[in-house]
Structures are given as C-alpha cells and as structure tokens.
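Fold and contact review
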Amino acid sequence: MATGRFDDLTDVYEAMIDWPKRLANEEPFFRRLFDQAGARRVADVACGTGRHAAMFHGWGLQVDAADISPQMIRKAREQFGQPDGLAWSVRGFEEPIPAERPLDAVTCLGNSLALASDRATAERALAGMIRAARSGGPVVLHLLNLWRLDDGPVDWQKCLVLDVPQGKSLVVKGVQRVGDRGFVHLVVAPLAAPGEFQSESAPLLSFEVESLRQAALAAGASKVQFYGNHRFQPFDRQTSVDLIMVAEK
C-alpha cells in the first residue's frame with residue numbers, strides 16, 4: 001500500500017489486515033492469471049510489507065518487490081528474509097522497474113497507485129509497468145472503487161483492538177470521498193493512555209475505467225479488462241468495492 005506515508009504506522013498497518021483471509025481470497029485470481037501467462041518472473045510495485053510478493057515467491061516465481069517506504073521494506077525483510085528469487089528494493093513510482101528482459105507479470109496492489117503524488121505520476125507509473133511486461137504478460141492494478149462511496153461522510157471500515165508497538169490499542173480506519181478526491185484515515189488510540197491518540201490521513205486519487213483504459217492503451221496495451229472483485233465478476237461503478245484492471249500488450 002505504501003508510498004512513503006504511514007511510515008511510523010507500518011506495524012499497525014500490518015496488524016490491521018487479516019492477511020490469511022485476504023490472501024486466500026485473492027490467490028485463485030492471481031494463480032489463474034499467472035498460469036495462463038506461464039509467468040515465472042514477476043515485479044510487485046509498491047509492495048508494502050511484502051505479503052503478495054512472498055506469496056508469489058512461494059509458488060516458485062522469481063519476484064522483484066519494491067516500495068518507496070524504507071519501513072515497509074524493512075518489515076518485509078524481517079518477515080520473509082531475502083531468499084534466492086525474492087529481491088526487496090526501496091523504489092518509488094518515478095523510478096523504472098529494473099529488468100534485463102521483459103517480465104512475465106507486473107502487479108500494483110492494495111490501492112497503492114491511488115497514493116501517487118498526482119495523476120501524471122500515476123499515469124507514468126502505469127506506463128512503466130506496461131513497458132516492463134512482455135507480450136501477453138498481465139499487468140494487474142488493484143484499486144478501491146471510491147465512486148461507490150457517498151460524497152462527504154467517512155466510511156469507517158475497521159474498528160479493532162490490536163497489540164501493536166504502541167501497546168494494546170483501538171485502531172480505526174476509514175475511507176472518504178469528497179468530490180473526485182479520496183482520503184484514507186487511520187487513528188491509533190492506546191488503551192493504557194485514555195485521551196491520547198495518533199492519527200494520519202492521506203489523499204487518494206480517484207480513477208475511472210475509461211481513463212485507465214486510455215492510459216493503458218497509450219502505453220502499449222492491446223487488451224484491457226476490468227473486474228469488480230477477485231472472482232472475475234464485472235466491475236460496477238456504483239456497487240463494486242474493488243476496481244481491478246488487467247492489461248496485456
């Protein structure tokens with residue numbers, strides 16, 4: 001998820017997600033795409049704490065995983081080490097994906113691209129992903145569909161009590177759409193210190209299917225498909241929680 005924001009809340013971010021449940025839901029989607037493409041070499045852009053990259057590596061794939069946040073990469077290395085075929089790098093959207101030859105697949109997951117500094121940066125990053133992939137290799141972009149949210153109020157998605165470095169804490173996460181911009185909010189309130197809390201907010205870019213399609217085609221894609229979840233169901237702007245793009249040259 002990372003783009004350098006929430007660096008001091010990396011451990012909270014990691015603890016907040018039910019990773020076994022999430023990966024079990026998403027694994028068949030990626031297995032199908034990668035098997036169809038005969039993927040062996042994958043880049044995971046903005047990899048966060050590395051959960052997807054480690055899953056792909058566990059399938060026997062060679063994975064280059066990068067994030068702009070040193071703290072996210074530190075956490076990834078702590079959890080998964082750096083075995084052969086799994087490389088961690090601190091690298092942002094503006095930097096090219098290093099590859100001696102075109103990759104079999106490229107992913108950018110967890111709404112990471114929405115945290116880009118501006119739309120031009122996001123479009124350049126997407127173009128770089130498509131350029132890095134070989135013909136027939138899927139480029140998978142996973143975003144939150146902000147358009148399903150009402151304009152204005154915060155959608156508080158999670159309210160959990162977690163053991164985190166701050167001690168046992170109440171952790172609250174929400175997303176919000178204001179016009180064509182989004183925001184993600186995270187609040188951490190240690191239970192041992194009533195009235196004290198830590199909060200972070202970050203702006204999110206919103207994306208439309210047609211603008212993503214045109215950006216992908218302009219970057220060299222010949223086939224672009226959109227889904228509303230990891231079960232390959234069609235995307236619906238009003239109801240889909242996810243916006244998933246799969247582009248191929």
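In what follows, the accompanying structure is described. (Residues numbered from 1 in each chain as written. Predicted model: local features only at pLDDT ≥ 70, side-chain atom pairs only at ≥ 80, totals over all residues. Heavy atoms only, no water.)

**Describing the nonpolar core**
Our working definition: In plain words, nonpolar cores are sets of buried Ala, Val, Leu, Ile, Met, Phe, Trp, Tyr and Cys residues tied together by side-chain atoms within 4.5 Å. Note on classification: 1.4 Å probe, protein chains only; a residue is buried when its accessible area is under 20% of the maximum for its type, exposed when over 50%, partly exposed between these limits. In DSSP terms, a helix is any run of H or I states spanning at least four residues, a strand is any run of E spanning at least two, and both are numbered starting from the N terminus. Throughout, a contact is declared for two residues whenever any of their heavy atoms are within 4.5 Å.
Counting 42 residues, the largest nonpolar core has V106, L113, M129, F207, L212 and M245 as the members making the most contacts within it. Mapped onto this core, the elements with two or more residues apiece are β1 (41-45), β4 (105-108), α5 (119-132), β5 (139-144), β9 (198-205), α6 (209-218), β10 (223-227) and β11 (242-248). By residue number, the principal contributor to this core is α5, which donates seven residues. Beyond its immediate sequence surroundings of up to four residues, L113 is in contact with F93, C108, A122, A125, M129, L141, L143, L205 and F207. L33, C47, V63 and A76 belong to the second-largest nonpolar core, a separate cluster that totals 38 residues.

**Focus: the environment of H142**
Which entries qualify depends on this criterion: N or O atoms within 3.5 Å of each other form a polar contact, as long as, within protein, one can give a hydrogen and the other can take it, and as long as residues adjacent in sequence are counted only when both atoms are side-chain atoms.
Note that H142 resides in strand β5. On the accessibility criterion, H142 (7% relative accessible area) is buried. When residues no more than four places from it in sequence are discounted, the contact partners of H142 are R22, C108, L109, G110, N111, S112, H230, D242, L243 and I244. In terms of polar contacts, H142 uses its side chain to reach the side chain of D242, at 3.0 Å.

**As for the packing of aromatic side chains**
The geometry of two aromatic rings is summed up by the distance between their centres and the angle between their planes. Quick note on the threshold: Ring geometry is summarised as follows: Phe, Tyr and Trp rings, the Trp one being its six-membered ring, pair when their centres sit within 6.5 Å, and such pairs are stacked at plane angles under 30 degrees, edge-to-face over 60 and tilted between the two. Distance and angle both matter: a charge sits over a ring if NZ of Lys or CZ of Arg is within 6 Å of the ring centre and within 35 degrees of the ring normal.
This model, assessed by the stated rule, comprises ten aromatic pairs. Members of the aromatic cluster, each reached through a chain of ring pairs, are F29, F30, F34, F56, W59, Y227 and F232. Of note, R32 hangs over the ring of F232, and the distance from its end group to the ring centre comes to 4.0 Å. Its guanidinium or amino end placed over the ring of F207, R119 lies 5.5 Å from that ring's centre, counting from NZ or CZ.

**Regarding the pairing of β1**
Here is the rule we go by: The pairing criterion for strands is at least two bridges between them, as found by DSSP. A clockwise course of the path from the first strand over the helix to the second, judged with the strands pointing away from the viewer, identifies a crossover as right-handed.
When you tally the buried positions in β1, you get five out of five residues, the bulk of the element. Burial of β1 is two-sided: the residues R41, A43 and V45 facing one way and the residues V42 and D44 facing the other way are all buried. When β1 meets strand β2 (residues 62-67), the two strands line up parallel, connected through five bridges. Across the sheet, residue A43 finds its bridge partner in β2, namely D64. The parallel pair β1 and β2, bridged by helix α3 (residues 51-58), forms a crossover whose chirality is right-handed.

**Section: the pattern of salt bridges**
Heads up, the condition is: For salt bridges, the criterion is a side-chain nitrogen of Lys or Arg within 4 Å of an Asp or Glu carboxyl oxygen.
Across all of its chains, the model carries eleven salt bridges by this definition. When the shortest N-O distance is used, the salt bridge between R148 and D155 registers 3.6 Å. Residue classification places R148 among the partly exposed positions, given a relative accessible area of 27%. Notably, a salt bridge pairs E208 with R237, separated by 2.7 Å at the nearest N-O pair. In this pair, E208 sits in the loop between β9 and α6 while R237 sits in the loop between β10 and β11, placing the two residues 29 residues apart along the sequence. When its relative accessible area of 32% is taken as the criterion, R237 is described as partly exposed.

**Some thoughts on unusual backbone geometry**
A positive phi angle, near 55 degrees, is found at A46, a position not held by glycine. Turning to its location among the elements, A46 is positioned in the loop between β1 and α3. Positioned with a positive phi, N111 is a non-glycine residue whose angle comes to about 65 degrees. Residue class for N111 comes out buried when judged on its relative accessible area of 8%.

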